[in-house]
Amino acid sequence: MRASYERSVGRHIWFFYIDPETAQLLGCKLHLTNERRNDGSTMVFEGEVEAGGPRLPAARTWYTHRGHRLQGVETVVSVEILDGL
């Protein structure tokens with residue numbers, strides 16, 4: 001799925017990759033200005049964590065578009081549902 005915004009909001013372009021059979025979000029790509037410049041990041045999601053209804057990626061790995069350099073890895077350690085939010 002591709003999502004872009006009006007110029008007044010920003011130039012970001014997002015691509016979301018979803019498993020059509022399970023509806024699991026597999027990853028996403030962010031272009032900061034436009035696709036031809038190949039600027040931005042790719043995020044790869046692995047596993048799922050139940051969060052009282054919503055499903056969250058258990059791990060997110062970030063890469064740059066240019067050079068495919070690793071930017072970092074985030075891993076869910078715990079999930080807390082807050083009342084009233």
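Since we're looking at a predicted model, the values are computed, not measured.

Here we take up the pairing of strand β2 (residues 13-18). By the bridge criterion, three bridges tie strand β1 (residues 2-4) to β2 in an arrangement that is antiparallel. Across the sheet, R2 pairs through a bridge with F15, a residue of β2. Bridge count between β2 and strand β3 (residues 25-31): six bridges; the pairing is antiparallel. Paired with I13 across the bridge in β3 is H31. Hairpin connection from β2 to β3: six residues lie between these consecutive antiparallel strands, with A23 at a positive phi of about 65°.

On the surface, L56, V76, V79 and I81 cluster together into a nonpolar patch covering about 290 Å² of accessible area. Summarising the element assignment, L56 is placed in strand β5 (residues 55-64).

Once that is clear, we can look at the sheet that holds β2. If you trace the six strands from one edge of the open sheet to the other, you get β1-β2-β3-β4-β5-β6, paired in antiparallel fashion. Both outer strands of the open sheet, β1 and β6 (70-75), are each paired with one neighbouring strand and no more. Direction aside, neighbouring strands of the sheet carry axes that sit 20° apart on average.

Moving on to the packing of aromatic side chains. What the rule picks out here adds up to one aromatic pair. Between the aromatic rings of W14 and F16, the centroid separation amounts to 5.9 Å while the plane-to-plane angle is 10°, which identifies the pairing as stacked. For W14, a relative accessible area of 21% corresponds to the partly exposed category.

Right, let's get into the pattern of salt bridges. One pass over the structure, following the stated rule, counts two salt bridges. E48 serves as the salt-bridge partner of R55, at 3.6 Å between the closest nitrogen and oxygen. Given the relative accessible area of 40%, R55 is considered partly exposed. On the basis of relative accessible area, E48 is assigned to the partly exposed category, the value being 38%. The partner of R60 in a salt bridge is E74, and the shortest N-O contact between them spans 2.7 Å. Of this pair, R60 sits in strand β5 while E74 sits in strand β6; the two residues are 14 residues apart in sequence, bridging distant segments of the chain. On the basis of relative accessible area, R60 is assigned to the partly exposed category, the value being 34%.

Analysis parameters
Residues numbered from 1 in each chain as written. Predicted model: local features only at pLDDT ≥ 70, side-chain atom pairs only at ≥ 80, totals over all residues. Heavy atoms only, no water. Pairing = 2+ DSSP bridges. Helix = DSSP H or I, 4+ residues; strand = E, 2+ residues; numbered from the N terminus. Patch = residues over 30% accessible without salt bridge, like charges linked within 9 Å, V, L, I, M, F, W, Y side chains within 5 Å. Areas by Shrake-Rupley, 256 points an atom, 1.4 Å probe, with all protein chains shown as cover. Salt bridge = Lys/Arg side-chain N within 4 Å of Asp/Glu carboxyl O. Axes fitted to C-alpha atoms, helices over the stretch in contact; angles between N-to-C directions. Phe/Tyr/Trp six-rings, centres within 6.5 Å; stacked < 30°, edge-to-face > 60°. Buried < 20%, exposed > 50% of the residue type's maximum accessible area, 1.4 Å probe, protein only.

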